[in-house]
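# Inside the fold
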Amino acid sequence: MVPIMSKRYPPEVREKAVRLALERLDEYGSPYAAAQAIAPLVDVHYETLRIWLKKALADGARPGKQTSPGLSPAERDELQKLRKENRDLKQANEILKLASAFFARELDPRHR
């Protein structure tokens, strides 16, 4: 039996590898396939990258988007909630603008 040797990777290597895999995850279809393709490019074992990628996805990282390594899970949740609220408010503003324009035309004496 061959002993398995542990290899420590610097945090920069881990962050770069995970970022690359997340950015290209949609091209490969699965974390496993992405890890197999990206790992040789960053000189990391594919299984190690697959585990890092699985953990990043579980922590809330989204494929195709940059990860936020400085945010805690609670901060990520709050950020996601605030982004949704911002989208909803922008949509409400657009509806109000359209309604305002509609009623302004209705009340305009020149259009009667």
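Turning our attention to the nonpolar core. By size, the foremost hydrophobic cluster in this structure holds 17 residues, and its most contacted members are V18, V44, L49, W52 and L53. Looking at this core, the elements that each hand over two or more residues are α1 (11–23), α3 (31–42) and α4 (46–58). If one sorts the elements of this core by residue count, α3 sits on top with five residues. Sequence-distant contacts of V44, that is, excluding residues within four places in its chain, are made with Y9, V13, A39, L49 and W52.

Before going further, it helps to spend a moment on the pattern of salt bridges. For the structure on display, the rule yields six salt bridges. With its nearest N and O atoms 3.2 Å apart, the salt bridge here joins E27 to R24. Close ionic contact of R50 with E47 constitutes a salt bridge, the shortest N to O distance being 2.5 Å. Here E47 and R50 lie together in helix α4, a separation of three residues that amounts to about one turn.

Closest axis-to-axis distance for the α3/α4 pair is 8 Å, and the angle between their directions is 130°. Classed by the angle they form, the pair α3 and α4 counts as oblique. Our pair here, α3 against α4, has a crossing hand that is right-handed. Here α3 contributes P31, Y32, A34, A35, Q36, I38 and A39 to the contact with α4, which in turn contributes Y46, L49, R50, L53 and L57.

Each value, and the rule that gives it
Residues numbered from 1 in each chain as written. Predicted model: local features only at pLDDT ≥ 70, side-chain atom pairs only at ≥ 80, totals over all residues. Heavy atoms only, no water. Core = buried A, V, L, I, M, F, W, Y, C linked by side-chain atoms within 4.5 Å. Buried < 20%, exposed > 50% of the residue type's maximum accessible area, 1.4 Å probe, protein only. Helix = DSSP H or I, 4+ residues; strand = E, 2+ residues; numbered from the N terminus. Contact = heavy atoms within 4.5 Å. Salt bridge = Lys/Arg side-chain N within 4 Å of Asp/Glu carboxyl O. Axes fitted to C-alpha atoms, helices over the stretch in contact; angles between N-to-C directions. Parallel < 35°, antiparallel > 145°, perpendicular 65-115°, else oblique. Left-handed = near helix turned anticlockwise from the far one by under 90°.

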